[in-house]
Amino acid sequence: MNEVIQTIKKRRSVRKYKSEQLSDHELYAILESGQYAPSGGNNQTSHLIVIQKEEILKELKDLVEQEFSKMEVYEGMYKSLVASINASKRGGYDFYYNAPTLVIAANRKGYGNAIADCSCVLENMMLAATSLNIGSCWINQLHWLDENPVIRQFLIPLGLSEEETICGGLALGYPELREQTSLKRTGNSITMVR
Ligand SMILES: Cc1cc2nc3c(=O)[nH]c(=O)nc-3n(C[C@H](O)[C@H](O)[C@H](O)COP(=O)(O)O)c2cc1C
């Protein structure tokens, strides 16, 4: 099978990482793959904030737990958000799985393709990481907390602009577990007209 298609099928979300940091060579290859993503109107306004400083990651983890703990669950709330709130209320919630690298993907507020463009960037990075045997997982918690003033106040000195919205995130690191088998897709339906 073609190597790209093999990599697409091999990619899995990794939720347990070794503490060892990626090499800069690997990191920049992954980031550059993100930069090569397509964007609406060739806007190229996605912005990646890469956090590798352990103290900053730990501080962010605590703030995320603190802010989710203040939130109330309501009927019909997105189930993954409910899980994050409940885990935070219990304590010890680690939204980025203690990965040594966390990438935040942001884009211009009010830009209609903000999430679509960042999703292309994130997927490119996940595939590049897989091809290098590096684990990755989409991390959505900072997107949910995008309008939270405590989180924004923390991220702005790290490079997030006031004019940017957080579209998603990515944990990166060497996987702690053995390679996971491809997860069979039963959804994502296809309708053929021919
Ligand atoms: C938009 C989006 C948001 C996601 N958010 C999270 C998340 O916050 N935490 C997490 O552990 N996984 C997250 N995931 C990963 C999915 O849970 C995962 O892709 C799905 O269960 C399929 O498993 P696979 O990636 O191993 O094939 C997200 C994926 C997408 C596309």
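Everything that follows concerns the structure shown earlier in this document.
Computed from a predicted model, the values in this text were never measured in an experiment. (Residues numbered from 1 in each chain as written. Predicted model: local features only at pLDDT ≥ 70, side-chain atom pairs only at ≥ 80, totals over all residues. Heavy atoms only, no water.)

J.: Please clarify how the overall build of the chain should be interpreted in this entry.
T.: Regarding its fold elements, the chain presents seven helices and four strands. Each helix and strand of the chain, placed in order from N terminus to C terminus, yields the pattern α-α-β-α-α-β-α-β-α-α-β. Whereas a compact globule of 194 residues would reach a radius of gyration of roughly 16 Å, the chain reaches 17 Å, a difference of no more than 12%. Projected onto its principal axes, the C-alpha coordinates of the chain cover approximately 50 × 40 × 35 Å. Burial status across the chain gives 44% buried among its 194 residues. If you take every contact in the chain between residues at least 6 apart in sequence, the share linking residues at least 24 apart comes to 83%. For the chain, the accessible area works out to roughly 11,500 Å², and carbon and sulfur atoms hold 50% of it. (Helix = DSSP H or I, 4+ residues; strand = E, 2+ residues; numbered from the N terminus. Rg over C-alpha atoms; globule rule 2.2 N^0.38 Å. Buried < 20%, exposed > 50% of the residue type's maximum accessible area, 1.4 Å probe, protein only. Contact = heavy atoms within 4.5 Å. Areas by Shrake-Rupley, 256 points an atom, 1.4 Å probe, with all protein chains shown as cover.)

J.: Explain unusual backbone geometry here, please?
T.: Glycine aside, negative phi is the norm for most residues, and most peptide bonds take the trans geometry. Here Tyr97, not a glycine, exhibits a phi torsion of approximately 60 degrees, which is positive. Relative to the helices and strands, Tyr97 is located in the loop between helix H4 (79–90) and strand E2 (101–108). Its relative accessible area of 29% is what places Tyr97 among the partly exposed residues. Despite not being glycine, Asn133 has its phi angle at roughly 60 degrees, a positive value. In this fold, Asn133 is placed in the loop between helix H5 (114–131) and strand E3 (135–138).

J.: Is there a simple way to explain a negative patch on the surface in this structure?
T.: A contiguous patch of negative charge, built from Glu54, Glu55, Glu59 and Asp62, is present on the exposed surface. Mapped onto the fold, Glu59 is located in helix H3 (residues 54–69). (Patch = residues over 30% accessible without salt bridge, like charges linked within 9 Å, V, L, I, M, F, W, Y side chains within 5 Å. Salt bridge = Lys/Arg side-chain N within 4 Å of Asp/Glu carboxyl O. Lys, Arg positive; Asp, Glu negative; His and termini not counted. Charge placed at Lys NZ, Arg CZ, Asp CG, Glu CD.)

J.: Where do I start with the sheet that holds strand E1 (residues 47–51) in this structure?
T.: Each strand in a sheet pairs with another by means of backbone hydrogen bonds, the pair being arranged parallel or else antiparallel. Here we have four strands laid out as an open sheet, ordered E1-E2-E4-E3, and antiparallel in their pairing. Across the chains shown, the open sheet's two edge strands, defined by having one partner strand only, are E1 and E3. The sheet shows a mean angle of 25 degrees between the axes of neighbouring strands, taken without regard to direction. Summarising the sheet, E3 and strand E4 (residues 164–173) pair through four bridges and their orientation is antiparallel. Each residue of the ladder has a partner; that of Ser136, found in E4, is Leu172. Sheet strands in contact with H5 are E1, E2, E3 and E4, and its direction is about 10 degrees off that of E4. (Pairing = 2+ DSSP bridges. Axes fitted to C-alpha atoms, helices over the stretch in contact; angles between N-to-C directions.)

J.: In this structure, what is going on with the site of the ligand? I would like to understand it.
T.: In the vicinity of the ligand, the residues found are Arg11, Arg12, Ser13, Arg15, Tyr97, Cys137, Trp138, Ile139, Asn140, Gln141, Leu183 and Arg185. Measuring from an oxygen atom of the ligand, one finds a side-chain N or O atom of Ser13 at 2.6 Å. At 2.4 Å, a side-chain N or O of Tyr97 approaches an oxygen atom of the ligand. In isolation the ligand has 620 Å² of accessible area, and contact with the protein removes 67% of it. (Near = heavy atom within 4 Å. Polar contact = N/O pair within 3.5 Å; in protein donor to acceptor, adjacent residues only side chain to side chain.)

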